[in-house]
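# Per-entry structural report
Listed here are the chains, written in short residue letters.
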Amino acid sequence: MPLQEDMHMQIRLDRFPGGAHKALTFSYDDGVGQDRRLVALFNRHGLKATFNLNAGLLHEGGGWQSGSVRIDRIAASEVKALYEGHEVAAHGLTHPHLECLSREAMRAELMEDRRGLEALVGYPVRGFAYPFGSYSPEVLEMLAACGFSYARTVGATHRFALPTRPLEWDSTCHHDQNLMEDAQRFFGMNAVGNPALMYVWGHSYEFDLKDNWHHIEAFCAMAGQSEDVWFGSNIEVLDYVRAVRGLQFSVDESMVRNPSAQPVWISVNGAAVCVAGGETLRL
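Predicted model only: the values in this text are computed from it and were never measured.

Thresholds, definitions, all that
- Residues numbered from 1 in each chain as written.
- Predicted model: local features only at pLDDT ≥ 70, side-chain atom pairs only at ≥ 80, totals over all residues.
- Heavy atoms only, no water.
- Core = buried A, V, L, I, M, F, W, Y, C linked by side-chain atoms within 4.5 Å.
- Buried < 20%, exposed > 50% of the residue type's maximum accessible area, 1.4 Å probe, protein only.
- Helix = DSSP H or I, 4+ residues; strand = E, 2+ residues; numbered from the N terminus.
- Contact = heavy atoms within 4.5 Å.
- pLDDT = per-residue confidence, 0-100.
- Expected span 1.5 Å × (residues − 1).
- Arc of directions from axis to C-beta.
- Salt bridge = Lys/Arg side-chain N within 4 Å of Asp/Glu carboxyl O.

What follows is about the nonpolar core. Generally speaking, a soluble globular protein has its nonpolar side chains buried in company with each other. By size, the foremost hydrophobic cluster in this structure holds 52 residues, and its most contacted members are F26, M198, I216 and F219. Here this core takes five residues from helix α8 (residues 213–224), the largest share from any one element. Leaving out residues up to four positions away in the same chain, F219 has contacts with L24, F26, L179, M180, A183, F187, M198 and V200. Grouped together as the second largest cluster of nonpolar side chains are 26 residues, I11, A20, W169 and Y199 included.

Per-residue confidence for the chain averages 95 on the pLDDT scale, and 97% of its residues sit at or above 70. In the predicted structure, residues 1–6 sits below a pLDDT of 50 and forms two contacts with residues beyond four places in sequence or in another chain.

Across its 19 residues, helix α4 (residues 103–121) extends 27 Å between first and last C-alpha, which sits within 8% of the 27 Å expected from 1.5 Å per residue. Regarding α4, the residues found buried are M106, E109, L110, D113, R114, L117 and V121. Angularly, the buried residues of α4 cover 110 degrees about the axis, an arc narrow enough to put them on a single face. Looking at α4, the residues exposed on the side facing more than 90 degrees away from the buried face are E104, R115 and A119. Where α4 is buried, its residues contact β3 (49–53), α3 (79–82), β6 (87–90), β7 (127–129) and α5 (137–145). Residue G122 follows α4 closely and has a positive phi angle near 80 degrees.

Under the criterion given, the structure shown has 13 salt bridges. Taking the shortest distance from any N to any O, the salt bridge between D72 and R70 comes out at 2.7 Å. The partly exposed category is assigned to D72, whose relative accessible area is 32%. R115 is the partner of E112 in a salt bridge, and the nearest nitrogen-oxygen pair spans 3.2 Å. With E112 and R115 both in helix α4 and three residues apart, the pair spans about one turn of that helix. Taking relative accessible area as the criterion, R115 reaches 51% and is therefore assigned exposed.

Spelled out as C-alpha cells, the structure:
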C-alpha cells in the first residue's frame, strides 16, 4: 500500500525561497548618482537588485551632462555602503565594446573590473552586464574563463522564464518597455507548476531624463504589496535555480537529497516542502 501511495505522489520543482511561486529581480548599470534614489526606493519596499559597475570609472567628478540632467559617477568610497544588501556586478573596467578588443585587453577589462570591485565590496563578484549590450562567441568564452557565472544582455523577452543560458541572460523588459503591462500579467498570474521570474533592467538616470520616477515608484509599490513573490538579486536567483536543478531524487521520488549548501523548496502534492542544504529527506 505505501508503494501505491508513493506512485501517486506529485513532485514539482516550482518553488522559490519561502515556498513562493514567483520571483522578481532588477539589474541597473553604470553606478551613477541616481542609484541613491533607486536603492532607497528598493529598500523601502524590500526589493533586491543588482548594480553593474565599472571599477575604472568610479571617481569623484566623473560623469556627463545630458540636456539639463547631470549624471555623476558614484565614488569608489561610496560603493560598499550604498549597495549594501544588493549585488554589485561587473560592467567592464572602462565600459568598452568587448568584442572589439584583443584577447589580452578583453581579459584585463574583465579581471581588473572584478578585482577592483571585489576590493570595494568584500565578496567575489560573479555577475556581469555587457557594455552597450554587445558581445561575441569570444567574449562568452572569456567571461567563463574569468570566472563569471552569468552575464545580462539588453534583450527583452516580455516573458517570465528562468535562465537557461546564464551567460546570455535576457531580461523580461527594460523599465521603459511595457513595464506595467508585463507587471499586470506577472503579478496576476497563477504560477503553480511553472515558476515565473520577472527581470527588469535599465539605468537609473533615465528616470531623470524622462522625468518619470513615478513609473518605477508605482511598480515597486505594486511589487512590495504582492504575495507569493520572492525578491532576489541576479546572483541569488541564479544560485537558487541551480540548487533546485541539482536536487537528487530516488527512482520512485520517495527521497530527495540536496547537495547544495542552501535550502530549497519544492511542491509535494501541492504543499511547499523545504529541503535543507546537505539534507536527504524522505517525502
